[in-house]
Amino acid sequence: MKNIRNFCIIAHIDHGKSTLADRLLEHTKTINERQMQAQVLDDMDLEREKGITIKSHAIQMDYELNGEKYTLNLIDTPGHVDFSYEVSRALAACEGALLLVDAAQGIQAQTISNLYLALDNDLEIIPVINKIDMDGAMIEVVKDQIIELIGVKEEEILLASGKTGIGIEEILQAIVARIPAPKGEPDAPLQALIFDSVFNSFRGIIAYFRVFNGKIKKGDKVRFVNTGEDYEADEVGILKLGLQARSEVNTGDVGYIITGIKNAKEVKVGDTITLSQNPCKVAIQGFEEVKPMVFAGIFPVVTEDFEELRDCMDKLQLNDASLTFETETSQALGFGFRCGFLGMLHMEIIQERLEREFKQTVITTVPNVSFIAYTTRDEKVIVNNPSEMPDPSKIDRIEEPFIRAQIITSPDYIGNIMTLCLGKRGMLINQSYLTPTRVELIFEMPLAEIVFDFYDKLKSSTRGYASFDYHPLDYRISDIVRMDILLNGDKVDALSALIHRSRAEDFGRKLCLKLKELLPRQQFMIAIQAAVGSKIIARETISAMRKDVTAKCYGGDISRKRKLLEKQKEGKKRMRQIGNVEVPQEAFLAVLKLN
Ligand code: GTP
């Protein structure tokens, strides 16, 4: 046990975590050149494309220093706020962390929030300035930032480049020298923390764990404490480039267990594994049920594909337990699912996986956060869907989730950021200078306001010189209303949105305008209205027109005409009927395209 080191790498997005991890694996010969893909740890296609590590994984390296053999377990952490609970559990499995800071970018919001998570878990922090090969590297400036932030001595800061390999050996030496070996009682009852799980279509769910006390052996009867279920350890082992089965995994080590579980829901990140016969007295602290933060409807484009879509959703949920869904019926879109996601990125990932892995084309409706409505009879109603909002006359009050947002930027942009955040109902809580040229702003804001376009707006109002991170805070009373869209007097339920009253009119007006752009003219006039209750707050009109697309062609070209007609036919298939109005698919996505 004294020669084991468990560590992770924490960094702001794009500061070079994956590249550096690759170098560590190469340097310790955990992988050879031939096995070396661009980014070994990011092994989902989607992850690679998005350039972010979505699911945490772990890998074991062998390393020799002064004739001693060490086992280094690198636990990978996801790099996006949607997954911050998973990050916290991965950190809980470690004794130390490399804090990676891009030499050209300096400390950013996620550097700090990840650092706080690491400190919460009492990790030994090894600061590393990365990408020092870059022309724009500001090594001295970043050193000062780090010294200010964590109060280390200058000589404790390592310099590295994942690209050229500078500093890799020094990092490995520092891991051995500075990160404490795991503690724990080899003879105590088994206590192991599940920090991640992956789905394998042949083996079922593979849970990754870190043993704090005792050991786990192949064939053991084990219990997952928080779910309360018992299983048999069909296989246990360690994680190298692939799974390597072992007869046992001991105190302090990191490994995997396969129990024949097929459903990701049964394996919860943060849960404790113990032995059924000789259970540990307490579970490992910090377990939480992950709760979805953002909800939206997912509907098949072709109504008949509903059952097929259900099948795909079931399969997706098998390997992504944080996805929740239930059947939803919409007058406009027919049968579909109300889905809960950890955040907007998670929603995008699910949508993309449905399309790529499962070949489904879907319509996603306006996302909203989860509100709590208290009725005049003091009943509590969780509102994840505009249609669940009780009648306004029966509502006493509504609460919405708030977050703590942390923005790091240059002082030049404080004004713009203040304007943006106050406009999003934010409250400035704190402003502090990290260095004379970097300021940290803390706001409390409604989650609903950052769901849509906050990050894009932040980027454009700071020319990209701002980094952003957020964490959930609490629920607060708020004046939320349901805004409906009517087409010739018929409500389009799939376009209803839950929104703060002060926002409704502006939002309604923009949405009506956008729909005017997206709805094809028809042979009669179409009134597009936005309403809160019975009050119309915005209106646009599409005038009638003869529906002859070929009129666009200037005479002669027959093949072009035919093409247009084909296109029209194709488009028609993708129309939905609302009362007497035909609505194209993309209109349902209009909300996401508002600016
Ligand atoms: P996320 O997983 O998205 O958080 O990114 P990451 O932190 O893993 O960053 P990644 O390793 O994917 O690197 C981000 C970008 O920086 C890539 O374009 C890399 O090629 C580049 N990069 C990484 N390390 C270095 C380095 O040491 N020097 C230079 N010049 N570029 C680097």
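Residues numbered from 1 in each chain as written. Predicted model: local features only at pLDDT ≥ 70, side-chain atom pairs only at ≥ 80, totals over all residues. Heavy atoms only, no water.

### Observations regarding the pattern of salt bridges
Defined as follows: The salt bridge definition used is simple: a Lys or Arg side-chain nitrogen within 4 Å of an Asp or Glu carboxyl oxygen. A helix here means a DSSP run of H or I that spans at least four residues, while a strand means a run of E at least two residues long, and both kinds are numbered starting from the N terminus. Buried residues are those whose accessible area, probed at 1.4 Å on protein chains only, stays under 20% of the maximum for their type, while exposed residues exceed 50% and partly exposed ones sit between those limits.
Applying the stated criterion across every chain, the model contains 33 salt bridges. With a shortest N-O distance of 3.1 Å, Lys 131 and Asp 102 are connected by a salt bridge. Of this pair, Lys 131 sits in the loop between strand S5 (124–130) and helix H5 (139–150) while Asp 102 sits in strand S4 (residues 96–102), placing them 29 residues apart in sequence. Linking Glu 248 and Lys 215 is a salt bridge whose minimum nitrogen-to-oxygen distance equals 3.8 Å. Residue Glu 248 is located in strand S14 (residues 248–249), and its partner Lys 215 is located in the loop between strand S8 (204–213) and strand S9 (216–217); the two are separated by 33 residues in the primary sequence. We classify Glu 248 as partly exposed; its relative accessible area is 27%. A relative accessible area of 34% places Lys 215 in the partly exposed class.

### A look at the packing of aromatic side chains
Put simply, the test is: Two rings from Phe, Tyr or Trp (for Trp, the six-membered ring) form a pair when their centres sit within 6.5 Å of each other. Planes less than 30 degrees apart are called stacked, planes more than 60 degrees apart edge-to-face, and all others tilted.
Tallied over the full model, the rule gives eight aromatic pairs. With centroids separated by 4.9 Å and ring planes inclined at 55°, the aromatic side chains of Phe 224 and Tyr 231 adopt a geometry described as tilted. Note on Phe 224: relative accessible area 1%, which makes it buried. Through successive ring pairs, a cluster of aromatic residues spans Phe 306, Phe 325, Phe 335 and Phe 337.

### Description of the confidence of the model for the protein
Using the following cut-off: Residue-level confidence of the predictor, termed pLDDT, takes values from 0 up to 100. Working rule for contacts: check all heavy atoms of both residues, and any pair within 4.5 Å makes them a contact.
Mean pLDDT over the protein stands at 87; residues scoring 70 or higher make up 90%. Here residues 50–56 is a poorly scored stretch, pLDDT under 50, and it has 34 contacts once near neighbours within four places are set aside; other chains count.

### Here we look at the sheet that holds strand S1 (residues 4–11)
In plain terms, the rule: Note on pairing: DSSP must find at least two bridges between two strands before they are called paired. For helices, the fitted axis covers only the stretch in contact; all axes are lines through C-alpha atoms, and the angles between them, taken along N-to-C directions, range from 0 to 180 degrees.
An order of S2-S3-S1-S4-S5-S6 is seen for the six strands of this open sheet, with the pairing classed as mixed. The open sheet terminates on both sides in strands that have one partner only, identified here as strand S2 (58–65) and strand S6 (158–159). Here two bridges tie S5 to S6, and the two strands are oriented parallel to one another. Residue Val 128 lies in a different strand from S6, and its bridge partner there is Leu 158. Against the sheet, helix H4 (residues 109–120) touches S1, S4 and S5, its axis set at about 150° to S1.

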